[in-house]
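Remarks on the overall topology
Residue strings, one per chain:
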Amino acid sequence: MFTILRSQKSSRPSRVLCNLVRSYSSLPSSSDVSSFNSFSKSAASALDVDTTRSFQKPPPTPIPEDDTPLGSILRKTIDAAGPMPLARYMTLCLGHPEHGYYTTKEDVLGEKGDFITSPEISQVFGELIAIWLITRWQANGSPSSVRLLELGPGRGTLMADILRTFKQFSFMAETIQTVDLVESSPVMREAQKKALEPYLKRKDGSHVQIRWFDRIEEVPVSDAYTLFSAHEFFDALPIHLLERVPPPLEPEPSPVTTSPSPENTDLSKPHFHELLVTYTPPSPAFHFTLSVEPTPYSTYIPTTSAEFEKVEIGQRIEVGAVGFGIMRRLGALLFEGKNAGGGSGLVIDYGKDGFYSESFRAFKAHAALSPFLTPGLSDLTTNVNFSHLRTALLASPFGSQIRPLGPISQADFLEQMGLIPRVDGLVRGKPDETGKRIRQGAERLVDREGMGTEYVFFGLEGKPKEPSQRDNDQAVWPFV
Ligand code: SAH
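Described in the following lines is the structure provided in the data block. Note that the structure is predicted; figures quoted are calculated from it, not measured.

Concerning the site of the ligand
The environment of the ligand is formed by 18 residues, the closest being Thr117, Gly152, Gly154, Glu183 and His231. Between the ligand and serine 184 there is a distance of 3.3 Å, counted from a nitrogen atom to a side-chain nitrogen or oxygen. The separation between an oxygen atom of the ligand and a polar side-chain atom of histidine 231 is 2.5 Å. About the coverage of the ligand: the protein hides 91% of its 570 Å² of free accessible area. Split by residue class, the shell around the ligand holds nine nonpolar, six polar and three charged.

This is the structure:
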């Protein structure tokens, strides 16, 4: 029998959230949770049901373990230049212009692809994120100009659900100036264009412009208020894998010019070497080898966060240096300099507050496999270290203006934002099978044995500048 687990939390939604509920669903003016739940119900009747989404895992298909075109490029590179950092291996496997997984593969997502994501499972996911974004927009003074920003939009499903929900709140939808998408894959861009086109028309007949960027560094600073999301983006970014080693008896010589010189090697600090990807002929299989000396990355990266000081000798750490840089850039885009218009948003991914040692893995046709097999043809991924992302923001020059929120579990976020009444509204009057499918999809998102706790929501916004923005001083629902 289907049941959606209710959260144990008894806290209430913020005043802004309840005001939103009252204003746009003609509800009695009680500022309690039931108002919010009723709001979700009334919103449910206004929004169409998308019954095309599926959430059944197809049976795993046999996996070919043979060599690939990218594999031979990687071996030639290793022959010429020696073992490579894992981040380089991942960058090539995922982003090689001709043979990279994301650059070339058309069916990455969905039942026929390699993995399925929450927005592809249930429309409720994007709808509740949209509601959260509206509440933050209101809590921050309902800015008259808004920019939507998404990192790694996939098939565009999440952004389409956000835009579709915003349409129910035209006072807000009409403030959107641009939809900015950071997407490196031409194949995905096509899918995004198709998914978003139906939602771009304004009341006056003009269209919201979509702008694509390969990298976040290309996204311009805007004085508009930015509402952003990044779902399953940071897990797709390359990482370095480091291992703590005993301190050298005496300072090690510098392996390359950028490494610390023997004179300034601090023996009291933890020492790391780097796991590099190599292969051993005649076997084509790639595998790790530990660098014999520190590398520039193993010297620099551990200094980016105090959490790496606790690592024990022999322990490994996965460090997303690329994700760290992207998070910092995102913070700068929103909060650095007088032209930055501020913003609010969510980073959603599998992960926790803390580092991982061995989460690096591959998926192909919904089955896990060695990340060293079928390079370029399988998805490579790692769990996200949210405390490292938070450090990227707070240790920046604009860190004092930023308010990090959470992370909290996906189940807590979605349930506290009204998943249950929304699903009840969606299934009302639907034939049995359709209703069952909708419920099962929602159940999967908040399953505390699975996606509900594996995935977490990390929020981010600016600290209030104006005293009049009092709501912004309160805890931000549902990060309470
Ligand atoms: N957010 C979507 C898709 C997740 S898959 C969803 O939840 O369904 C990861 C997405 O990020 C894909 O669109 C992929 O093409 C994009 N991507 C991966 N690495 C990237 C990079 N380095 N720069 C820009 N986009 C990237």
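Some words on unusual backbone geometry
In this structure, the amide linkage connecting glycine 406 to the following residue, proline 407, adopts the cis form with an omega of 15°. Of note in the backbone geometry, serine 142 takes a positive phi value of approximately 45° without being a glycine. Summarising the element assignment, serine 142 is placed in the loop between α7 (123-139) and β2 (146-151). Using a relative accessible area of 33% as the deciding quantity, one classes serine 142 as partly exposed. A positive phi angle, close to 45°, is found at threonine 374, a residue other than glycine. Topologically, threonine 374 is positioned in the loop between β12 (367-369) and β13 (379-381). The exposure class of threonine 374 is buried, given its relative accessible area of 1%.

Description of the nonpolar core
Among the nonpolar cores identified, the biggest contains 56 residues, and Phe166 and Phe457 are the most heavily contacted of them. Among the elements that line this core, the one with the most residues is α7, at ten residues. Filtering out sequence-adjacent residues up to four positions away, phenylalanine 166 remains in contact with Ala130, Leu133, Ile134, Leu148, Met172, Ala173, Ile176 and Leu227. Membership of the second largest hydrophobic core comes to 30 residues, among which are Phe213, Phe228, Phe233 and Leu237.

Observations concerning the pattern of salt bridges
Under the criterion given, the structure shown has 14 salt bridges. The salt bridge partner of arginine 211 is aspartate 180, with a shortest N-O separation of 2.8 Å. Here arginine 211, found in strand β4 (residues 209-213), pairs with aspartate 180, found in strand β3 (residues 176-182); they are 31 residues apart in sequence, far enough to count as distant. A relative accessible area of 24% places arginine 211 in the partly exposed class. Salt bridges linked by common partners bring Glu127, Asp161, Arg164 and Arg422 together as one network.

Digging into the side chain of glutamine 410
With respect to the secondary-structure elements, glutamine 410 resides in helix α14 (residues 410-416). Look at glutamine 410 and you get buried, because its relative accessible area is 0%. Residue contacts for glutamine 410: discarding those within four places in its chain leaves Ser118, Phe125, Ile348, Leu445, Met451, Gly452, Tyr455, Val456 and Phe457.

Description of helix α13 (residues 386-394)
Among the nine residues of α13, seven are classified as buried, and the element is accordingly described as predominantly covered. Residues Phe386, Ser387, His388, Leu389, Arg390, Ala392 and Leu393 constitute the buried set of α13. Contacts made by the buried residues of α13 are with β9 (316-319), α12 (321-335), β10 (343-352), β14 (384-385), β15 (402-409) and β16 (455-462).

Observations concerning the packing of aromatic side chains
Taken as a whole and judged by the stated rule, the model has 17 aromatic pairs. Their ring planes at 90° and their centres at 6.2 Å tell us that phenylalanine 169 and phenylalanine 171 sit as a pair that is edge-to-face. Taking 5.4 Å as the distance between ring centres and 85° as the angle between the ring planes, the aromatic pair formed by phenylalanine 233 and phenylalanine 234 counts as edge-to-face. A relative accessible area of 13% means that phenylalanine 233 is categorised as buried. Ring pairs connect the aromatic residues Tyr89, Tyr279, Phe286, Phe288, Phe360 and Phe372, which therefore count as one cluster. Here arginine 75 stacks its cationic end above the ring of tyrosine 279, 5.9 Å away from the centre of that ring.

What to know about the sheet that holds β12
Strands sit in the order β12-β11-β13 across an open sheet of three strands; the sheet is antiparallel. Each of the sheet's edge strands pairs with one partner strand only, and the pair in question is β12 and β13. Shown here is a sheet whose adjacent strand axes are inclined to one another by a mean of 35°, direction ignored.

Focus: helix α4 (residues 86-95)
Since the α-helix advances by 3.6 residues per turn, residues separated by three or four positions end up pointing in the same direction. A large share of α4 lies buried, amounting to seven of its ten residues. Within α4 the residues assigned to the buried category are Leu86, Ala87, Tyr89, Met90, Leu92, Cys93 and Leu94.

A few points about the environment of glutamate 127
By the element assignment, glutamate 127 lies in helix α7. Remark: the alpha-carbon pair of glutamate 127 and alanine 160, spanning 33 residues in sequence, is separated by 9.6 Å.

As for the packing of α7 against helix α15 (residues 419-427)
Running from amino to carboxyl end, α7 crosses α15 at an angle of 130°, the nearest separation of the two axes being 11 Å. Looking at the two axes, α7 sits oblique to α15. Seen along the crossing, α7 lies across α15 with a hand that is right-handed. Contact residues: Gln123, Val124, Glu127 and Leu128 in α7; Leu419, Arg422, Val423 and Leu426 in α15. A class-by-class count of the residues in the contact of α7 with α15 yields five nonpolar, one polar and two charged.

Details of the pairing of β3
With six of seven residues buried, β3 is to be regarded as a mostly interior element. Bridge count between β2 and β3: six bridges; the pairing is parallel. Following the sheet pairing, leucine 151 is matched in β3 by valine 182. Relative to β4, β3 runs parallel, the two being bridged by five bridges. In the sheet register, valine 182 faces β4, and the bridge partner there is phenylalanine 213.

Conventions and cut-offs
- Residues numbered from 1 in each chain as written.
- Predicted model: local features only at pLDDT ≥ 70, side-chain atom pairs only at ≥ 80, totals over all residues.
- Heavy atoms only, no water.
- Near = heavy atom within 4 Å.
- Polar contact = N/O pair within 3.5 Å; in protein donor to acceptor, adjacent residues only side chain to side chain.
- Areas by Shrake-Rupley, 256 points an atom, 1.4 Å probe, with all protein chains shown as cover.
- Nonpolar A, V, L, I, M, F, W, Y, C, P; charged D, E, K, R; others polar.
- Helix = DSSP H or I, 4+ residues; strand = E, 2+ residues; numbered from the N terminus.
- Buried < 20%, exposed > 50% of the residue type's maximum accessible area, 1.4 Å probe, protein only.
- Core = buried A, V, L, I, M, F, W, Y, C linked by side-chain atoms within 4.5 Å.
- Contact = heavy atoms within 4.5 Å.
- Salt bridge = Lys/Arg side-chain N within 4 Å of Asp/Glu carboxyl O.
- Phe/Tyr/Trp six-rings, centres within 6.5 Å; stacked < 30°, edge-to-face > 60°.
- Lys NZ or Arg CZ within 6 Å of the ring centre and 35° of its normal.
- Pairing = 2+ DSSP bridges.
- Axes fitted to C-alpha atoms, helices over the stretch in contact; angles between N-to-C directions.
- Parallel < 35°, antiparallel > 145°, perpendicular 65-115°, else oblique.
- Left-handed = near helix turned anticlockwise from the far one by under 90°.

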